[in-house]
Amino acid sequence: MTAQLGCIADDFTGGTDLAGMLVKAGMRTVQWIGVPDGPLPEDVDAVVIALKSRTSPAEDAVAESLAALRWLQAAGFQQFYFKYCSTFDSTPRGNIGPVAEALMQALDTDFTIACPAFPANGRTLYKGHLFVGDVLLKESGMRHHPLTPMLDANLVRVLQQQVRRKVGLVDFATVSRGGAAIRERFNALREQGHGFAIVDALSNADLDAIGAACADLPLVTGGSGIALGLPQNFRSRGLLAANAVADALPKTGGLRAVISGSCSVATQRQVDVMRTTFPSFGIDPLRLARGEDLVSAALNWAGGHIAQQPVLIYATATPEAVKQVQGELGVEQAGHLVEHALASIARGLVEAGVGQMIVAGGETSGAVVQALGVKGLRIGPEIDPGVPWTSTLHDDGAQPLALALKSGNFGSEDFFLKAWDKLQ
Ligand SMILES: Nc1ncnc2c1ncn2[C@@H]1O[C@H](COP(=O)(O)OP(=O)(O)O)[C@@H](O)[C@H]1O
Ligand SMILES: O=C(O)[C@@H](O)C(=O)COP(=O)(O)O
């Protein structure tokens with residue numbers, strides 16, 4: 001049996017996070033970059049179509065998500081999943097709400113959940129409030145995100161600003177009573193006219209219970225955590241092969257590089273740690289804006305170091321530095337300028353023999369993967385929760401590239417140092 005869960009992710013790191021979770025839970029999963037132009041491969045239980053729609057204009061995000069949904073429906077998928085960030089990255093305009101509502105309408109369903117919880121990475125929800133580690137979302141590093149600063153932790157309120165349908169809550173008291181109680185609450189909310197339920201979750205056991213309660217929902221929306229609980233629904237209906245886990249990657253060699261465009265607290269730390277022992281090259285957006293050819297400069301510099309050891313090329317900066325750059329260039333212009341430069345550098349590095357590359361940052365990964373012309377990814381072993389190694393899929397027999405698309409917020413501080421060992 002194939003084609004059980006059809007997923008749409010709003011960015012590429014989020015896509016690999018979700019795909020890695022599904023592989024871990026026993027679903028054979030392929031990730032496509034953008035809407036596929038071919039048929040569904042055989043023996044695939046889940047497909048993740050990764051879009052770069054998190055920060056695009058809402059109408060573009062909706063149109064792309066609907067195109068992805070149409071492909072998944074044509075491929076025979078029955079249940080659908082909209083994956084967004086575990087820190088609910090969005091602006092008051094969206095895109096979580098508008099995309100979710102458009103998918104509901106296309107699927108002719110009047111109810112879904114919204115649950116970004118990912119306890120293994122410290123994202124928990126209590127009484128509708130999202131915590132990142134020990135603090136509320138609005139007190140976490142996400143308040144300084146360059147593109148989607150999150151200033152409110154109450155997700156009922158945040159989502160309500162983005163949608164027409166009413167948003168309700170399934171609180172922890174209900175979640176802790178298990179799948180049947182959660183399903184009852186879904187029904188009650190639906191009868192009261194709610195279209196969305198924010199669902200509390202503090203642990204993986206809660207995610208399992210929520211997953212069980214979602215077995216019959218045509219559309220589930222959330223972070224990657226909820227994906228832990230869904231495969232069991234297909235397994236208990238006899239729809240998954242018994243020993244389906246396949247996280248082995250083809251062998252890749254080549255030179256090693258890290259490209260970092262995330263400015264998250266976690267990535268700043270990871271960049272600092274790598275800089276202390278490995279050659280590194282910083283990209284200054286203001287110099288880019290003045291027209292300096294930092295792409296060639298970075299590639300020339302890398303050529304002198306990379307044969308001996310992994311190199312780091314980064315735009316990662318503190319919130320103060322980012323604010324100053326954005327003040328001079330504008331938020332979007334600064335983002336695009338940096339993403340474009342890092343993507344060109346990544347392409348140059350691959351042309352120069354890089355075969356194993358880590359990219360930090362969702363938007364940054366999107367730009368890099370598009371510049372490399374990557375169409376699909378096979379999912380490999382997990383480096384840290386939410387970040388698997390992947391290898392690029394090619395239909396022309398080309399040598400695959402090992403890619404780790406690291407969500408800005410994820411990974412231990414030695415992530416850029418330890419990740420390579422997981423490829424052996
Ligand atoms: N020094 C900088 N100044 C301004 N913007 C930057 C700087 N460095 C990176 N950026 C931009 O910040 C954004 C970071 O987003 P992203 O790559 O998604 O990281 P994350 O995964 O942490 O959200 C990108 O658009 C990137 O180009
Ligand atoms: O759910 C998550 O936190 C991640 O999978 C994710 O979406 C990553 O986004 P970025 O932080 O923009 O990399």
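What counts as what
- Starting from 1, residues in each chain are numbered consecutively following that chain's sequence as written.
- A letter from A marks each chain and a number from 1 marks each ligand, given out in the order of writing.
- Only residues with pLDDT of at least 70 are given local features in this predicted model, and only at 80 or more are side-chain atom pairs given and counted; all residues enter the totals for whole chains, interfaces and linings.
- Each side-chain value is worked out from all heavy atoms of the structure, with water and hydrogens disregarded.
- UniProt positions are given in the numbering used here, feature names are shortened, and annotations may be inferred rather than shown by experiment.
- Note on definitions. A residue lies near a molecule or strand when any single heavy atom of the residue is within 4 Å of it.
- Polar contact is defined as a pair of N or O atoms within 3.5 Å, subject to the rule that within protein one atom must be able to donate a hydrogen and the other to accept it, and that residues adjacent in sequence are counted only when both atoms are side-chain atoms.
- All accessible-area figures derive from a Shrake-Rupley calculation using a 1.4 Å probe, and residue coverage is judged against the displayed protein chains alone.
- Numbering goes from the N terminus for both helices and strands, where a helix is a DSSP run of H or I of at least four residues and a strand is a run of E of at least two.
- To qualify as a nonpolar core, a set must consist of buried Ala, Val, Leu, Ile, Met, Phe, Trp, Tyr and Cys residues joined through side-chain atoms within 4.5 Å.
- Per-residue accessibility, obtained with a 1.4 Å probe over protein chains only, is compared with the maximum for each type, and a residue is labelled buried under 20%, exposed over 50%, and partly exposed between these values.
- Throughout the structure description, domain borders are defined by an automatic or database domain assignment.
- Whether two residues are in contact is decided by their heavy atoms: any pair within 4.5 Å suffices.
- Two strands qualify as a pair provided that DSSP identifies no fewer than 2 bridges between them.
- Two cysteine sulfurs form a disulfide in these notes if their separation is within 2.5 Å.
- Here the quantity called buried area is the total loss of accessible area, with a 1.4 Å probe, experienced by two parts when brought into contact, counted for both.
- The term salt bridge refers to a side-chain nitrogen of Lys or Arg lying within 4 Å of a carboxyl oxygen of Asp or Glu.
- Side-chain classes are defined by residue name, with Ala, Val, Leu, Ile, Met, Phe, Trp, Tyr, Cys and Pro counting as nonpolar, Asp, Glu, Lys and Arg as charged, and the others, Gly among them, as polar.

- Looking at an unreviewed UniProt entry, one finds the protein chain named 3-oxo-tetronate kinase and attributed to Hydrogenophaga taeniospiralis CCUG 15921.
- The Function (unreviewed entry) field of the UniProt record for the protein chain holds the comment "Catalyzes the ATP-dependent phosphorylation of 3-oxo-tetronate to 3-oxo-tetronate 4-phosphate."

1. Brief notes about the site of ligand 2
Here is step 1 of the chain: Near ligand 2 you find 15 residues, and of these Thr 13, Asp 17, Arg 54, Lys 83 and Ser 86 are the closest.
Here is step 2 of the chain: Here an oxygen atom of ligand 2 and a side-chain polar atom of Asp 11 are 3.3 Å apart.
Here is step 3 of the chain: In this structure, an oxygen atom belonging to ligand 2 sits 3.0 Å away from a main-chain N or O atom of Gly 362.
Here is step 4 of the chain: Contact with the protein chains hides 96% of the accessible area of ligand 2, taken as 350 Å² for the molecule alone.
Here is step 5 of the chain: Looking at the shell around ligand 2, the element that brings in the most residues is helix α1 (residues 12-24), giving three residues.

2. Comments concerning the nonpolar core
Here is step 1 of the chain: If you look at the biggest cluster of nonpolar residues, it comprises 99 residues, and the most contacted ones within it are Ile 113, Phe 186 and Ile 210.
Here is step 2 of the chain: The biggest single contributor to this core is helix α3 (residues 96-107), with seven residues.
Here is step 3 of the chain: Built from parts of two domains, this core gets at least three residues from each of domain 1 (5-236) and domain 2 (255-423).
Here is step 4 of the chain: Beyond its immediate stretch of four places on either side in the chain, Ile 113 contacts Phe 186, Ala 197, Val 199, Ile 210, Cys 214, Leu 217, Val 220, Thr 221 and Ile 226.
Here is step 5 of the chain: In this structure, Ile 33, Ala 50, Leu 342 and Val 374 belong to the second largest nonpolar core, which totals 33 residues.

3. Looking at the side chain of Thr 174
Here is step 1 of the chain: Here Thr 174 lies in helix α5 (residues 172-175).
Here is step 2 of the chain: The exposure class assigned to Thr 174 is buried, which follows from its relative accessible area of 11%.
Here is step 3 of the chain: The contact partners of Thr 174, leaving out residues within four places of it in the chain, are Ala 181, Ile 182 and Arg 185.

4. Quick notes on the sheet that holds strand β8 (residues 135-136)
Here is step 1 of the chain: Overall, antiparallel pairing links the three strands, which are arranged β6-β7-β8 in an open sheet. Here the strands that pair on one side only, and so sit at the sheet edges, are β6 (123-126) and β8.
Here is step 2 of the chain: In this sheet, strand β7 (residues 129-132) lies alongside β6 in antiparallel orientation, the contact comprising four bridges. Looking at the pairing, Arg 123 lines up with Val 132 of β7.

5. Observations concerning the state of the cysteines
Here is step 1 of the chain: Enumeration over the complete set of coordinates arrives at zero disulfides.
Here is step 2 of the chain: Cys 115 carries a free sulfur, and the closest cysteine sulfur to it, the one in Cys 214, is 8.4 Å from it.
Here is step 3 of the chain: Take Cys 115: its relative accessible area is 0%, and that puts it in the buried class.
Here is step 4 of the chain: Among the cysteines around Cys 263, which has no disulfide bond, Cys 85 carries the closest sulfur, lying 15 Å off.

6. What about the domain arrangement of the protein chain?
Here is step 1 of the chain: Here the protein chain is described as being made up of domain 1 (5-236) and domain 2 (255-423).
Here is step 2 of the chain: Taken over C-alpha atoms, the centre of domain 1 sits 26 Å from the centre of domain 2.
Here is step 3 of the chain: Counting residues at the interface gives 29 residues for domain 1 and 32 residues for domain 2.
Here is step 4 of the chain: Here domain 1 and domain 2 share an interface that buries about 2,400 Å² over both sides, 63% of which is from carbon and sulfur atoms.
Here is step 5 of the chain: Inspection of the region where domain 1 meets domain 2 yields three salt bridges.
Here is step 6 of the chain: At the junction of domain 1 with domain 2, the criterion picks out eight residue pairs in polar contact (both at pLDDT 80 or more).
Here is step 7 of the chain: Where the side of domain 1 that touches domain 2 is concerned, the elements lending two or more residues are α1 and β2 (29-33).
Here is step 8 of the chain: In terms of residue count, α1 provides more of the side of domain 1 that touches domain 2 than any other element does, eight residues in total.
Here is step 9 of the chain: Taken together, the residues that form the side of domain 1 that touches domain 2 break down as eleven nonpolar, eleven polar and seven charged.

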